Amino acid sequence: MDSEKRFEYLNRRLRGIAQYAYKHSPAIKNKMDAAGVKPRDIQTVKDLEKLPITKKTELMELQKKNPPLGGFEGVPLHALRRIYISPGPLYEPGETEYDELGWAQGMYAAGFRPGDIAINTFSYHMVPFAMQMVDNSLFRIGCITIPTGVGNTEQQVNILKNLRVKAFCGTPSFLLNLAEKAEELGLDLRKDLILRVGFVAAEMLSESLRSELEERFGMIIRQGYGTADIRCLGYECMEKNGMHIPDDKIVEIVDPQTGKQLGPGKTGEIVATTFDRSYPLIRFGTGDLSTLTETRCPCGRTSPRLLKILGRVDQATKVRGLFIHPGQVDDVAARFPQIARCRVRITRSAHKDEMTFLIELTGEEGQSDKLREGIERSVRDIMKVRGEVQFVPKGTIPDGGKKIEDQRTWE
Ligand SMILES: [Zn+2]
């Protein structure tokens, strides 16, 4: 579909789901009424700006008040086949029929083909991903699924070998566990196994881990992105230049404070709308930050793409009026192999924001004015805000902690 045709197509489906949800989902009707919006006011993607963004916390509150699903379900409860539980807890309706396209498009783009034997190592319990989304999507492509779930690495290695498994679904770290276990058992990953394609999700995939796994197994690994509520929102093709947005979703990138749509190239929150009648979420805020591009992908797909996920909205902030986010902190760090850990600290003195870039080096003897100046220049380039570099001793910055620490108080 060219972009104009796609725009028409999405607008048509949006009008359909707005009408449907208003009629069948009490929670969506309440939200639209509160905003003074009728279904006929929603004609195009731009009109979505008239509606407030629904956040995960709001879903949880409404589910508590009105269990089990908070009135967001678009079909009577008895028509549902399952109810899934995501951390929160947040409950998601599992419909009788699964007709979502996104994950299947993503696996196909990664190289999954009919007749392939696939291992699905995502967890089959509670959460909707493994059983509802991945399993159904593998079936849709025509793959034969082995529903192994997580854990039992030795048994899983034997399954890979004995059943001649060609395709892997799971987290990158679990695939790494399998590689280690297989080698421990004396197997040659390339000769004794025939894993050729992998579809990974639910975890950040670093390029170094991707190429390590691709090299060790002799396979291709592509990733997908989505949420338990909205399902697939993006998948990589062979070109690995961002994530194509599936045809059955509307994705907006919005200013997290105003909810207004931002054009391609601007960083904002990923907000999504699905056309799923059993769970017709309209303007669901994922809390993730990204940038969208509409430039043509050499693979031939014409859908817009999400460039990488840049962190969480609640970790982004404004410094001297400019929006900064964790992805930029990572981008600065990526330019300097000497940086072991880093964190940005925002303080306020004399009514002015100050930004300090705290850095732990891999070797402490590496501190120099030249390195300091280089990092400060990169901070300016990438974050567009001047920041001062401060080298700190090893162990100062906690593992897996916040990338941006906002110490400002507003009194
Ligand atoms: Zn592509």
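Residue numbering note: each chain is counted from 1, following its sequence as written. Totals for whole chains, interfaces and linings use every residue, but because this is a predicted model, local features are given only for residues with pLDDT of at least 70 and side-chain atom pairs only at 80 or more, for both listing and counting. Hydrogens and water are ignored here; the side-chain numbers use all heavy atoms of the structure.

Caption draft 1: Inspection of the nonpolar core at higher detail. Residue types Ala, Val, Leu, Ile, Met, Phe, Trp, Tyr and Cys, when buried and joined through side-chain atoms within 4.5 Å, form a set referred to as a nonpolar core. Note on exposure labels: buried denotes an accessible area under 20% of the residue type's maximum, exposed denotes more than 50%, and partly exposed covers the range between, all computed with a 1.4 Å probe on protein chains only. Of all hydrophobic cores here, the largest spans 37 residues; its most connected members are Ile270 and Leu306. Elements supplying a minimum of two residues to this core: helix 1 (3–24), helix 2 (26–34), strand 10 (249–254), strand 11 (267–274) and strand 12 (284–293). The secondary structure listing takes helices from DSSP runs of H or I that are at least 4 residues long and strands from runs of E that are at least 2 residues long, numbered from the N terminus. The element contributing the most residues to this core is helix 1, with 8 residues. Should any heavy atoms of two residues lie within 4.5 Å, those residues are considered in contact. Apart from residues lying up to four places away in sequence, leucine 306 is in contact with Tyr225, Leu233, Gly242, Met243, Ile245, Val251, Ile253, Ile270, Ser290, Thr291 and Leu292. Within the second largest apolar cluster, 24 residues are counted, among which are Ala104, Ala118, Met133 and Cys232.

Caption draft 2: Spotlight on the coordination of the zinc ion. Ligation of the zinc ion by protein atoms is provided by Cys237 (SG), His244 (NE2), Cys297 (SG) and Cys299 (SG), these donors lying 2.1 to 2.3 Å from the ion. Only nitrogen, oxygen and sulfur atoms qualify as donors, and only when within 2.8 Å of the metal (3.2 Å in the case of Na, K and Ca); with water excluded, sites may look incomplete. Positions of the donor residues of the zinc ion along the chain correspond to the pattern C-x6-H-x52-C-x1-C.

Caption draft 3: Structural detail: the packing of aromatic side chains. Classification of ring pairs rests on two measures: the distance between centres of Phe, Tyr or Trp rings, Trp counted by its six-membered ring, which must be within 6.5 Å, and the angle between planes, read as stacked under 30 degrees, edge-to-face over 60 and tilted in between. Applying the stated criterion across every chain yields a total of 3 aromatic pairs. Summarising the aromatic geometry, the rings of tryptophan 103 and phenylalanine 129 are spaced 4.9 Å apart at their centres and angled 70 degrees between planes, so their arrangement reads as edge-to-face. Placement of the pair is tryptophan 103 in helix 4 (residues 102–110) and phenylalanine 129 in helix 5 (residues 129–141), with a sequence separation of 26 residues. Note on accessibility: tryptophan 103 and phenylalanine 129 belong to one class, buried. The interplanar angle of 80 degrees and the centroid separation of 6.1 Å between the aromatic rings of tryptophan 103 and phenylalanine 199 together place this pair among those described as edge-to-face. With tryptophan 103 in helix 4 and phenylalanine 199 in strand 6 (residues 197–200), this pair connects stretches of sequence that are 96 residues apart. The residues tryptophan 103 and phenylalanine 199 share a single accessibility class, namely buried. Of the aromatic side chains, those joined through ring pairs into one cluster are Trp103, Phe122, Phe129 and Phe199. The residue whose ring lies beneath arginine 113 is tyrosine 108, and the NZ or CZ to ring-centre distance is 3.6 Å. Any Lys NZ or Arg CZ found within 6 Å of a ring centre and within 35 degrees of that ring's normal is scored as a charge over the ring.

Caption draft 4: Focus on empty space enclosed by the protein. Here a cavity is any set of points on a 1 Å grid over the protein atoms alone where a 1.4 Å probe fits but cannot get out, and a pocket is any open set with protein on both sides within 12 Å along at least 5 of 7 lines; a residue lines the site when it has an atom within 4 Å of a point. Grid points are joined across faces, edges and corners, and a volume is the space filled by probe spheres set on the points. As enumerated under the stated definition, the model contains 1 cavity of 30 Å³ or more in all. For the largest cavity, the calculated volume is near 60 Å³. All amino acids are sorted into three groups, where Ala, Val, Leu, Ile, Met, Phe, Trp, Tyr, Cys and Pro are nonpolar, Asp, Glu, Lys and Arg are charged, and the leftover types, Gly among them, are polar. Split by residue class, the lining of the largest cavity holds 5 nonpolar, 1 polar and 1 charged.

Caption draft 5: Region of the structure containing the layout of surface pockets. Put simply, the second largest pocket is a space of about 590 Å³. Counting only elements with at least two residues in the lining of the second largest pocket, the list comes to helix 1 and strand 10. If one sorts the elements of the lining of the second largest pocket by residue count, strand 10 sits on top with 5 residues.

Caption draft 6: Seen up close, the side chain of threonine 317. With respect to the helices, strands and loops of the structure, threonine 317 is situated in strand 14 (residues 317–319). The class for threonine 317 is buried, based on a relative accessible area of 14%. Pairs of N or O atoms within 3.5 Å make up the polar contacts considered here, provided that, within protein, one atom can donate a hydrogen while the other can accept it, and that residues adjacent in sequence are counted only when both atoms are side-chain atoms. Here the side chain of threonine 317 touches aspartate 406 through a polar contact of 3.3 Å, side chain to side chain. Polar contacts involving the side chain of threonine 317 include one to the side chain of arginine 408, which spans 2.9 Å.

Caption draft 7: Structural detail: helix 7 (residues 172–184). Given the number of residues in a helix, its expected span is that number minus one, multiplied by 1.5 Å. Over its 13 residues, helix 7 runs 19 Å from end to end, which matches the ideal 18 Å to within 8%, given 1.5 Å per residue. Directly after helix 7, the chain includes glycine 186, whose backbone phi takes a positive value near 85 degrees.

These results come straight from atomic positions and should not be treated as a statement about function.
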